[in-house]
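# Descriptive analysis of the structure
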Amino acid sequence: MSETSDLEALVQVVDRIDPGTLTAKDVDEIQAWGADNVGFILVDMDTQKILFATQGAEKIFGYMQDEMVGMDLIQLVPNEFAAVHPKYVEGFNAHPAPRSMGKRDATLFGKERDGATFPVEIGLFPRKFKSRRVCLANVVR
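Note that the coordinates shown come from a computational prediction; the quantities given were computed from them, not determined experimentally. (Residues numbered from 1 in each chain as written. Predicted model: local features only at pLDDT ≥ 70, side-chain atom pairs only at ≥ 80, totals over all residues. Heavy atoms only, no water.)

### Concerning a nonpolar patch on the surface
- A cluster of nonpolar side chains, Val38, Phe40, Phe125 and Leu136, forms an exposed patch at the surface whose accessible area comes to about 280 Å².
- Along the chain, the position of Val38 falls in strand β1 (residues 38–44). (Patch = residues over 30% accessible without salt bridge, like charges linked within 9 Å, V, L, I, M, F, W, Y side chains within 5 Å. Areas by Shrake-Rupley, 256 points an atom, 1.4 Å probe, with all protein chains shown as cover. Salt bridge = Lys/Arg side-chain N within 4 Å of Asp/Glu carboxyl O. Helix = DSSP H or I, 4+ residues; strand = E, 2+ residues; numbered from the N terminus.)

### Topic: the environment of Pro119
- Along the chain, the position of Pro119 falls in strand β5 (residues 117–129).
- Exposure remark for Pro119: the relative accessible area of 48% places this residue in the partly exposed category.
- As for Pro119 and Leu108, which are separated by 11 residues in sequence, their C-alpha atoms are 5.6 Å apart.
- Contact partners of Pro119, with chain neighbours within four places excluded, come to Thr107, Leu108, Phe109 and Arg141. (Buried < 20%, exposed > 50% of the residue type's maximum accessible area, 1.4 Å probe, protein only. Contact = heavy atoms within 4.5 Å.)

### With respect to the packing of aromatic side chains
- As enumerated under the stated definition, the model contains 2 aromatic pairs in all.
- Between Phe81 and Phe109, the ring centres sit 6.4 Å apart and the planes meet at 5°, which makes this aromatic pair stacked. On the criterion of sequence distance, the pair formed by Phe81 in helix α4 (residues 79–82) and Phe109 in strand β4 (residues 108–111) is long-range, its members being 28 residues apart.
- Owing to a relative accessible area of 34%, Phe81 belongs among the partly exposed residues under this scheme.
- Here Arg141 stacks its cationic end above the ring of Phe118, 3.9 Å away from the centre of that ring. (Phe/Tyr/Trp six-rings, centres within 6.5 Å; stacked < 30°, edge-to-face > 60°. Lys NZ or Arg CZ within 6 Å of the ring centre and 35° of its normal.)

### Observations regarding the environment of Ser100
- In this structure, Ser100 sits in strand β3 (residues 99–101).
- Judged by relative accessible area, Ser100 falls into the partly exposed class, the value being 34%.
- Once the C-alpha coordinates of Ser100 and Asn138 are considered, the two residues, 38 residues apart in sequence, prove to be 9.0 Å apart.

### A few points about the side chain of Glu112
- Looking at the secondary structure, you find Glu112 in the loop between β4 and β5.
- Within the structure, the side chain of Glu112 is placed 2.8 Å from the side chain of Arg141, a separation counted as a polar contact.
- Not counting chain neighbours up to four residues away, the residues in contact with Glu112 comprise Ile60, Phe61, Phe118 and Arg141. (Polar contact = N/O pair within 3.5 Å; in protein donor to acceptor, adjacent residues only side chain to side chain.)

Here it is in structure tokens:
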């Protein structure tokens, strides 16, 4: 099947879904499923402090609501990678561009609040916002 026909098939499936048939409970379940597996973290690129984290991100890393705000990003990096992480950040900050990390390059790991590590994929989306350099990280466990 060609890429075009795959896309057409996907569009046809989506077109057949009637949003009017979704109940409030259905929407809640869909949001909860996504929140368990995907999270967003907004980081100040200059200080490496977390400015915002969604509930999904907090759940992925084992934190309570609003507990990640103000944390140093390095706290989410496993100890065995903490020494090299600043060098990666420095390189990214010198040439910020959207990119994905994990699975393609090598297995990437995150660190839960209790110190346990787990494989993770991260998409980085840097932006300049009101003269502040920030990066939105899309985290998938």
